[in-house]
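Given next are the chains, with one letter for each unit.
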Amino acid sequence: MKKRILILGFLALSTSYTLVSCTNNDDFGTEINQNSTLTVSFKADDVKTYKLIEIEATELNTGSKTTQTIQDVNAYSLTLPKGSYKIVINGTVVTTTDEELKIGGSLSVDINSSVQNISVPLFVKQFSDDLIIEEVFYTLIKTTEGKNYNASRYFKITNNTDKVLYADQLIIGQSEFLTSVDNNVTPYHPNEAFAVKGVMVLPGSGTDYPIQAGDFIVIADNAIDHTENTSNAFDLSTADFEFPNSNPSLGNVDNPNVPNATVIYTQMTYNMFFMNSSGVESYVIARFPEGENSQTFLQKYKYDYQYVNSAGNITKRSVYEIPNTWILDGLNNAVQDKFAQLLLGTSIDAGWTGIGSYWNDLARVGKSVRREVLGKAENGKNIYKDTNNSSVDFIKNSEPSLKNGIVH
């Protein structure tokens with residue numbers, strides 16, 4: 001896992017040191033003690049308790065190191081001699097919402113006066129090692145005339161790490177099952193693999209599509225300016241990728257400036273990857289491990305299951321499944337009055353999010369599910385909550401972030 005950081009507050013530091021001087025009248029040095037205090041104080045919004053904080057001061061010329069650990073207090077005092085220092089802070093805080101977060105911060109400073117104040121930014125360490133699902137817009141839009149507009153859906157995938165990642169060959173999977181129906185299928189093993197009815201793979205040979213730390217990509221169902229069709233829709237003309245779709249009834253126009261994802265498996269005609277507007281599906285993003293690709297997936301990862309249907313007969317199905325070890329992130333969606341089951345293994349998503357208060361709630365129209373923001377990183381980008389539990393990581397019934405276009 002890689003650290004991500006969010007500014008929480010500042011340290012106010014004042015220093016002192018021991019000074020040795022020689023006079024012309026003395027044969028020996030006269031030691032002058034100037035004892036002052038290095039005061040480390042913490043101030044941060046939404047922090048209830050500084051549970052455990054370690055302060056480490058390293059003098060860069062000598063390597064001399066001073067370390068102090070404090071508990072449940074927001075200030076501490078120590079003494080340091082004059083020199084060039086690296087101050088490092090690490091620890092744990094408890095927020096006002098009773099979340100326990102790791103924090104850290106550092107600063108290089110020259111201590112060259114008897115009284116000196118420094119401010120060291122403190123950051124929250126957010127752990128992630130690959131891409132995450134930041135937002136999914138799957139509901140329909142109502143036109144100004146009150147008609148359904150079944151377009152301008154999208155996935156927003158974000159680099160929640162501190163390094164450059166690549167979108168090349170990223171897998172997007174759509175659940176075979178629904179969170180609103182439990183048919184008691186056998187075999188059923190969500191803690192091992194994710195059953196899918198649709199799989200898209202992004203293009204690229206490895207390093208063709210970089211995503212900078214904190215930045216995102218958009219995969220749109222149709223990368224056009226949908227506001228030209230209805231003002232309530234979104235301008236997705238600058239999306240990074242778009243769904244391929246040859247269904248003539250949808251009237252999709254291929255944007256030649258936006259590369260298409262490849263649908264390697266679908267149960268729909270016209271090579272479609274179509275998202276359920278009621279919000280009862282789950283989605284994952286994944287990567288092929290070494291030695292695997294689109295072809296080997298279709299050769300090796302069939303999933304056969306069966307269940308007793310409403311007529312009392314056995315229904316048998318053959319689909320595909322994505323091994324959980326390939327999955328980077330997942331998202332369960334459900335509706336409160338229809339919830340029947342989670343579709344992802346609990347290590348991937350132990351909860352669910354959704355839109356609307358009940359089945360086909362009209363209030364869901366034009367809303368999305370968006371991941372909660374913890375704060376800002378040093379580069380000004382958002383840092384997102386990622387506990388593998390969509391019940392707390394995502395905000396239901398959100399305003400779509402691309403409502404006013406794609407802005408990085």
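Coordinates for the structure precede this section.
Given the structure is predicted, the values throughout are model-derived calculations rather than measurements. (Residues numbered from 1 in each chain as written. Predicted model: local features only at pLDDT ≥ 70, side-chain atom pairs only at ≥ 80, totals over all residues. Heavy atoms only, no water.)

(A) Broad picture of the overall build of the protein chain. Scanning the protein chain from N- to C-terminus turns up two helices and 29 strands. Within the span of the protein chain, comprising 408 residues, buried residues form 50% of the whole. If you take every contact in the protein chain between residues at least 6 apart in sequence, the share linking residues at least 24 apart comes to 67%. Accessible area for the protein chain stands at about 19,200 Å²; split by element, carbon and sulfur atoms hold 47% of it. (Helix = DSSP H or I, 4+ residues; strand = E, 2+ residues; numbered from the N terminus. Buried < 20%, exposed > 50% of the residue type's maximum accessible area, 1.4 Å probe, protein only. Contact = heavy atoms within 4.5 Å. Areas by Shrake-Rupley, 256 points an atom, 1.4 Å probe, with all protein chains shown as cover.)

(B) Representation of the nonpolar core. Counting 27 residues, the largest nonpolar core has Val136, Phe155, Ile157, Met200 and Ile219 as the members making the most contacts within it. Elements with a contribution of two residues or more to this core: strand 11 (131-137), strand 14 (154-159), strand 19 (216-220) and strand 22 (282-286). At three residues, the largest contribution of residues to this core is made by strand 11. Setting aside chain neighbours within four positions, we find Ile157 in contact with Leu131, Ile132, Ile133, Leu170, Asp215, Phe216, Ile217, Ile219 and Ile285. Grouped together as the second largest cluster of nonpolar side chains are 26 residues, Val284, Ile322, Trp326 and Ile348 included. (Core = buried A, V, L, I, M, F, W, Y, C linked by side-chain atoms within 4.5 Å.)

(C) Looking closely at the sheet that holds strand 14. With respect to topology, six strands assemble into an open sheet ordered 20-19-14-11-26-29, the strand pairing being mixed. Single-partner strands in this sheet number two, and they are strand 20 (241-242) and strand 29 (394-398). Sheet topology places strand 11 next to strand 14; six bridges connect them, and they run antiparallel. The residue bridging Phe137 from the neighbouring strand is Tyr154, located in strand 14. (Pairing = 2+ DSSP bridges.)

(D) Quick peek at the pairing of strand 16 (residues 171-175). The buried fraction of strand 16 is high, at five of five residues. The alternating pattern of strand 16 places Ile171, Gly173 and Ser175 on one face and Ile172 and Gln174 on the opposite face, and all of these are buried. Pairing of strand 16 with strand 17 (residues 193-201), which is carried by five bridges, proceeds in the antiparallel orientation. Paired with Gly173 across the two strands is Val199, which belongs to strand 17. In terms of strand pairing, strand 16 meets strand 22 through four bridges, oriented antiparallel. Bridged to Gln174 within strand 22 is Tyr283.

(E) Representation of the packing of aromatic side chains in the model. In total, this model carries 21 aromatic pairs according to the counting rule given. Here Phe177 and Tyr188 contribute two aromatic rings whose centre-to-centre distance is 5.7 Å and whose plane-to-plane angle is 75 degrees, an arrangement assigned as edge-to-face. Of this pair, Phe177 sits in the loop between strand 16 and strand 17 while Tyr188 sits in the loop between strand 16 and strand 17, placing them 11 residues apart in sequence. Judged by its relative accessible area of 12%, Phe177 is buried. These aromatic residues form a ring-pair network of at least three members: Tyr265, Phe288, Phe297, Tyr301, Tyr320 and Trp326. Over the ring of Phe216 we find Lys156, and its NZ or CZ is 4.3 Å from the ring centre. Across the ring face of Trp359, the terminal group of Lys338 is positioned such that the distance to the ring centre comes to 6.0 Å. (Phe/Tyr/Trp six-rings, centres within 6.5 Å; stacked < 30°, edge-to-face > 60°. Lys NZ or Arg CZ within 6 Å of the ring centre and 35° of its normal.)

(F) Spatial organisation of the pattern of salt bridges. Using the criterion set out here, one finds 10 salt bridges in the structure. With its nearest N and O atoms 2.7 Å apart, the salt bridge here joins Arg371 to Asp329. With Arg371 in strand 26 (residues 368-371) and Asp329 in strand 25 (residues 327-332), this residue pair connects regions lying 42 residues apart in the sequence. For Arg371, a relative accessible area of 4% puts it in the buried group. Relative accessible area serves as the criterion here: at 2%, Asp329 is assigned to the buried category. We note a salt bridge from Arg371 to Asp393, for which the minimum N-O separation is 3.8 Å. A residue pair is termed long-range when its members are at least 10 positions apart, and Arg371 in strand 26 and Asp393 in helix 2 (residues 390-393) qualify at 22 residues. Owing to a relative accessible area of 2%, Asp393 belongs among the buried residues under this scheme. The structure contains a network of salt bridges with shared partners spanning Asp329, Arg371, Asp386 and Asp393. (Salt bridge = Lys/Arg side-chain N within 4 Å of Asp/Glu carboxyl O.)

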